[in-house]
Amino acid sequence: MRRRGVEDYQDMPWKNGGGVTRELLRWPHPRHPQDFRVRLSIATVATSGPFSLFAGVDRTLVVLEGTGLGLTLADGAGEVALRPTSPPFAFPGDVACDCRLLGGPVRDFNVMVDRSLGSAVVERVLLAAGERRDLGPEAGTLWLYGLSGQARVGDDLLAAEDLLEWDAPGVLRLQGVSEAHVLVIRLSSPA
């Protein structure tokens, strides 16, 4: 289990110059270090406009705070409204996407994965104090990000804004110490 906290995160400018992202984790691309294989980040979206394009990358977006975002992808499917109560939304990062604020600024969690590496499945987990949830037994990499409260993860404690990385097969037990809201991000190998 590897832990990262606020002191490990870095502020990075958006590719399109429209804002700043707090980068929680980046796995650099071995042949192109300026690119990434996996990136987990949090951003504040303060204005409507186009999202940056990322060739060969799949994205998942979770709205954490604010009224919400309306996303329109160039695939013609129409606008998708994302709010803090919406499930995580996955979409290809190399398809043009326009963002419209549904109110004021929004804070979101963004997962980006090089699709040749695999795909990410993102899930919100709400735990009551004392409630247990077993994660696994799938092999692969798993990240847990604390949104609020505290949860015990094996022998570790996950608090708000902590990121834990687990990359072993087997069952991992998550237990609420207090009421806890956790994002679970699973990385699976390509099919």
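Here, the structure is the one placed above.
The present account deals with the structure reproduced in this document. No experiment lies behind these values; they were computed from the predicted model shown. Here the residue index of a chain counts from 1 through its sequence in written order. pLDDT decides what is reported in this predicted model: residues at 70 or higher carry local features, side-chain atom pairs at 80 or more are listed and counted, and totals for whole chains, interfaces and linings draw on all residues regardless. Calculated side-chain values reflect all of the structure's heavy atoms, with hydrogen atoms and water omitted.

**Re the overall build of the protein chain**
Check the secondary structure of the protein chain and you find zero helices and 19 strands. Summarising its shape, the C-alpha atoms of the protein chain cover approximately 45 × 40 × 35 Å along the three principal directions. Relative accessibility decides the category of a residue: with a 1.4 Å probe and only protein chains considered, values under 20% of the type maximum give buried, values over 50% give exposed, and everything between is partly exposed. For the protein chain, buried positions account for 40% of its 191 residues. Contacts are residue-level and defined by heavy atoms, with any inter-residue pair within 4.5 Å sufficient. Partitioning the intrachain contacts of the protein chain with sequence separation of at least 6 by distance along the chain shows that 67% fall at a separation of at least 24. Counting from the N terminus, the helices are the DSSP runs of H or I reaching at least four residues and the strands are the DSSP runs of E reaching at least two.

**Notes on the pairing of strand 8 (residues 79-82)**
Here the rule is simple: two strands pair whenever DSSP picks up at least two bridges between them. Across four bridges, the pairing between strand 7 (residues 69-73) and strand 8 is antiparallel. Residue pairing across strands places Thr72 opposite Glu79, the latter belonging to strand 8. Connecting strand 7 to the antiparallel partner strand 8 that follows it, the hairpin turn spans five residues, and Gly76 within it adopts a positive phi of roughly 85°.

**Observations concerning the packing of aromatic side chains**
A pair of aromatic rings is counted whenever rings of Phe, Tyr or Trp (Trp by its six-membered ring) have centres within 6.5 Å, and the orientation is called stacked for planes under 30 degrees apart, edge-to-face for over 60 and tilted otherwise. Counted under the stated rule, the structure contains five aromatic pairs. Look at Phe51 and Phe91: their rings are 6.3 Å apart centre to centre, the planes differ by 40°, and that puts the pair in the tilted class. Placement of Phe51 in the loop between strand 5 (49-50) and strand 6 (57-65) and of Phe91 in strand 9 (residues 89-92) is noted, with a sequence separation of 40 residues between them. For Phe91, a relative accessible area of 5% corresponds to the buried category. Of the aromatic side chains, those joined through ring pairs into one cluster are Phe51, Phe89 and Phe91.

**A few points about the sheet that holds strand 1 (residues 2-4)**
Read from one edge of the open sheet, five strands run 1-17-14-19-12, paired in antiparallel fashion. Looking at which strands have only one partner, the edges of the open sheet turn out to be strand 1 and strand 12 (119-127). Each neighbouring strand pair of the sheet contributes to a mean axis angle of 20°, computed without reference to strand direction. By the bridge criterion, three bridges tie strand 1 to strand 17 (residues 163-166) in an arrangement that is antiparallel. The residue bridging Arg4 from the neighbouring strand is Leu163, located in strand 17. For helices, the fitted axis covers only the stretch in contact; all axes are lines through C-alpha atoms, and the angles between them, taken along N-to-C directions, range from 0 to 180 degrees.

**A few points about the nonpolar core**
Among the nonpolar cores identified, the biggest contains 18 residues, and Leu24, Leu40, Phe109, Trp143, Tyr145 and Leu163 are the most heavily contacted of them. Looking at this core, the elements with two or more residues in it are strand 3 (20-28), strand 4 (36-45), strand 6, strand 11 (106-114), strand 14 (141-148) and strand 19 (180-188). Beyond its immediate stretch of four places on either side in the chain, Phe109 contacts Leu24, Leu40, Ser41, Ile42, Thr60, Leu61, Val62, Leu64, Tyr145, Leu183 and Ile185. The definition of a nonpolar core used throughout is a set of buried Ala, Val, Leu, Ile, Met, Phe, Trp, Tyr and Cys residues joined through side-chain atoms within 4.5 Å. With 15 residues, the next largest nonpolar core counts Leu142, Ala151, Leu164 and Trp166 among its residues.

**Some words on the pattern of salt bridges**
By definition here, a salt bridge exists when the distance from a side-chain nitrogen of Lys or Arg to a carboxyl oxygen of Asp or Glu is within 4 Å. Within the structure shown, the criterion is met by 14 salt bridges. The residue Asp58 makes a salt bridge to Arg115 at a minimum N-O spacing of 2.7 Å. In this pair, Asp58 is assigned in strand 6 and Arg115 in the loop between strand 11 and strand 12, connecting sequence segments 57 residues apart. A residue is classified by how much of its surface remains accessible, and Asp58, at 26% relative accessible area, is partly exposed. Using a relative accessible area of 32% as the deciding quantity, one classes Arg115 as partly exposed. For Arg186, the salt bridge is made with Glu123, and the minimal N-O distance between the two is 3.4 Å.

**Section: the state of the cysteines**
Disulfides are defined in this document as cysteine sulfur pairs within 2.5 Å. The tally for this structure, following the rule as stated, stands at zero disulfides. Cysteine Cys99 shares no disulfide, and the gap to the nearest cysteine sulfur, in Cys97, comes to 7.1 Å. Judged by its relative accessible area of 1%, Cys99 is buried.

**Quick look at the sheet that holds strand 7**
A sheet is described by the order of its strands in space; here four strands give the open sequence 5-10-7-8, paired in antiparallel fashion. Each of the sheet's edge strands pairs with one partner strand only, and the pair in question is strand 5 and strand 8. The pairing of strand 5 with strand 10 (residues 97-101) spans two bridges and is classified as antiparallel. Bridging from a neighbouring strand, Pro50 pairs with Asp98 of strand 10.

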